[in-house]
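Results of the structural survey
The residues making up each chain are set out below.
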Amino acid sequence: MTTDSTVQVLLPLALDDAYTYLVPDGMTLAPGDYVRVPLGPRLVIGVVWDTGGEVPDTARLRAVSEKYETPAMPELHRQFINWVAQYYLEQPGSVLRMALRVPEALGAPRQQIAYRASGQQPQKMTAQRTRVLEVASDGLARRTPELAQEAGVGASVVKGLVKAGALEAVTLPAMAAFAEPELNHNRVELSDSQTLAAADLRKQVTGRGFSVSLLDGVTGSGKTEVYFEAMAAALAQGRQVLLLLPEIALTGPFLRRVEERFGVPPAEWHSAVRPRERERVWRGVASGEARIVVGARSALFLPWQRPGLIVVDEEHEPAFKQAEGVNYHARDMAVLYGSLGGFPVILASATPSMESLWNAGKGRYGHVRLEARYGKAQLPDISLLDMRAEKMPSGEWMAPALTQAVAETLGKGDQALLFLNRRGYAPLTLCRTCGFRLACPQCASWLVEHRFRGRLACHHCGHEEPVPDACPSCGSENTLVPCGPGVERLAEEATQRFPDAKIAILSSDLSRGVLLRDTLQAIARGDYNLIIGTQLVAKGHHFPQLTLAGVIDADLALETTDPRAGERTWQMLAQVSGRAGRGDKTGRALVQTYMPDHPLMQALAAGDRDGFLAHESDIRERAMLPPFGRMAGIIISGSDRDETGRFAQSLLRTVPDAKDVQVLGPAPAPLSMVRGRHRFRYLVMCARDVDIQAYLRQWLGGIKPRGSLRLAIDVDPYSFL
Ligand code: ADP
Ligand code: ZN
Ligand code: ZN
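Residues numbered from 1 in each chain as written. Chains lettered and ligands numbered in written order. Predicted model: local features only at pLDDT ≥ 70, side-chain atom pairs only at ≥ 80, totals over all residues. Heavy atoms only, no water.

1. Side note on the coordination of the zinc ion (ligand 2)
Where a metal carries four tetrahedral donors, each ideal angle is 109.5 degrees; where it carries six octahedral donors, the ideal angles are 90 or 180 degrees. Coordination of the zinc ion (ligand 2) by the protein involves Cys431 (SG), Cys434 (SG), Cys471 (SG) and Cys474 (SG), with metal-donor separations of 2.2 to 2.4 Å. For the zinc ion (ligand 2), the four donor atoms in the first shell make angles of 107 to 111° at the metal, so the coordination geometry reads as tetrahedral. As a motif over one chain, the donors of the zinc ion (ligand 2) read C-x2-C-x36-C-x2-C. Within this pair, whereas Cys434 is found in the loop between strand 17 (428-431) and strand 18 (448-450), its partner Cys471 is found in the loop between strand 20 (464-466) and strand 21 (480-483), the two being separated by 37 residues in sequence. Classification of Cys471 by relative accessible area gives buried; the value is 3%. (Donors = N, O, S within 2.8 Å, 3.2 Å for Na, K, Ca; no water. Tetrahedral: all angles 85-135°; square planar, octahedral: opposite > 155°, others 65-115°. Helix = DSSP H or I, 4+ residues; strand = E, 2+ residues; numbered from the N terminus. Buried < 20%, exposed > 50% of the residue type's maximum accessible area, 1.4 Å probe, protein only.)

2. Brief notes about the domain arrangement of the protein chain
Splitting the protein chain by domain gives domain 1 (6-77), domain 2 (112-172), domain 3 (192-268 + 291-370), domain 4 (381-422 + 485-617) and domain 5 (629-715). Distance from the C-alpha centre of domain 1 to the C-alpha centre of domain 5: 34 Å. (Domains from an automatic or database assignment.)

3. Brief notes about the site of ligand 1
In the vicinity of ligand 1, 16 residues are found, and the nearest of them are Glu189, Gln194, Lys223, Thr224 and Arg257. A distance of 2.8 Å is found between a nitrogen atom of ligand 1 and a side-chain nitrogen or oxygen belonging to Gln194. Side-chain polar atom of Tyr374 to a nitrogen atom of ligand 1: 3.0 Å apart, as the coordinates give it. Bound to the protein, ligand 1 loses 80% of the 550 Å² it would expose on its own. Among the elements that make up the shell around ligand 1, the one with the highest residue count is helix 7 (residues 223-236) (three residues). Here the residues of the shell around ligand 1 sort into four nonpolar, seven polar and five charged. (Near = heavy atom within 4 Å. Polar contact = N/O pair within 3.5 Å; in protein donor to acceptor, adjacent residues only side chain to side chain. Areas by Shrake-Rupley, 256 points an atom, 1.4 Å probe, with all protein chains shown as cover. Nonpolar A, V, L, I, M, F, W, Y, C, P; charged D, E, K, R; others polar.)

4. Description of the pattern of salt bridges
Within the structure shown, the criterion is met by 34 salt bridges. Put simply, Asp216 and Arg609 hold a salt bridge, and the shortest N to O gap is 2.5 Å. Remark: Arg609 occurs in helix 17 (residues 609-623) and Asp216 occurs in strand 8 (residues 211-217); sequence separation between them is 393 residues. One exposure class covers both Asp216 and Arg609, and it is buried. Ionic pairing is found between Glu449 and Arg451, a salt bridge with its closest N-O pair at 2.8 Å. (Salt bridge = Lys/Arg side-chain N within 4 Å of Asp/Glu carboxyl O.)

Structure, rendered in structure tokens:
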């Protein structure tokens, strides 16, 4: 038996425990070290989670094969990973996997070889060689692909010149360093209320303990400028700062704003960042050199060395909840991280979540408010358009009052925005003759027509097919008709009404990555005057020329089974309306609804947020919904419907009896099939003081679904499909 020459290594796999390995002679390992270990026939990367420990039989153990000279994962980060796993009932290895997404960042950085002109002429000259040498004549070193591209030749021409001695190799620093932020680079002069808010947040940072502050300010009130001050304070302490945003809000203009304020570009972390840059950011965070990271939710799992502040902007966004794999909520885990690490967290929003407002109301979170827009900008006037009174011709969605308002706005040279939270052309296509509806072959959902691409698409599994000429059921030709509007169809209507308008469509499937950034910039420049978009447009963009926001169907999000439907609708409508009038001109919003008497619509039109919140929290409190109670979803899926249903039913037998816990289900999920898998759901609801994790562990901990069956637990669910 030995205790000193073994380590427990956590592997980024869904395993219950860390595995024990021998430490080979001459290697010293401490918790947090990144290592490579044998697992079956493979070598895998893992992290030393613990050292020593009793092992009955070391003869059967295999040895660590490599230790990486990378700064060890800090203890705080390991704790964080363990806590996330605990909270979401995941194996720590599954959480670790999110922290090991950039294996290239371990070990010494690969050096880069670049070439510059040596001054020596090659014996044989060709036109292509001449071009390369011309490019290289400025003396700068370039990597082969860059040199080849600039000269418009193939890489082999460059290689030939290297061989001939006309180009000489130089070693570039492996990774460009991160520049130190300049804390006073471009400080704006804050208004009185902003100054107070900033002082409050700065105090949290200099106090050097854990705290959460809800920065609650109307759209355009200058929340960004205010939390920049808190960031500066954390940077002044030599700490690192993470600014989390919903992925879609991580746009060029926003990143440039951070750069303008601090004089250096922030490290960027989101799905569109290229592998080499990811590696650079990962290394920079691990070494502590990257001081400001602006990132999407997964940036939480970068190996933070000296975290000093996390800002979660647009904290109300459900997009912070990860929908697959580990179902973590980045806002909630940012708060957890701050409490483990003893540093402050700032949650910013113009439409805070009920959860955060509740915490602020209870005094757990500080509540920092900005009540007015900055400068001359006024909040827009919001009016409801009662659609019950409109006789809309089929295929038209804009009421006359909205059409007129758009015409006036465009006539003045301003920009108008039309919001409809539906991608594609039409949400449903059916046959006029037999009534057949086009559905996804693998999901219980209708196919959505995307006319620009000429395809029908399933929004749940990504299945696509061309639009058929004839009805697949009765064979009639030209009888398929679109039902209901999507943004593409709305754009068609708008083009007819405003033939001279320059229309931009913003929808996640039309405008990915770079294209989206370009379009947003073009809108800000004024290249477009009519913007038609899905919820993509509701995310914090700043278009100074925009003075009218029209909401096509305000009721859409209310018609779901989601317990947060009211809150979501409120947030979305308030955010969309808030796009209008951010510059010097006043804005207005027109909201088309069939429920103008609904308390939510009434409160929206009156600008009465507190009224809405009072109404909403009353409903939630009575139903024990968050934040008044806790919830977890349990999704059982499998390829055979009967078998899956039986398995779901069988779980009922072992439901533990507990005070203040209610188990609803099993019921077929509203989305009863996805990718050929049948789905059933339970919903567990309980009082706030119940340890829902312990309850779920007791109930489901020992259950091992067989064959195609799966059981997924979603703590604090945001999806109820
Ligand atoms: P929010 O984040 O609350 O929506 P922003 O911080 O984006 O608001 O501010 C809205 C606009 O007003 C931005 O263009 C911002 O640069 C400007 N602004 C806000 N506060 C100031 C200030 N104190 N001085 C100059 N410009 C400001
Ligand atoms: Zn038909
Ligand atoms: Zn599908």
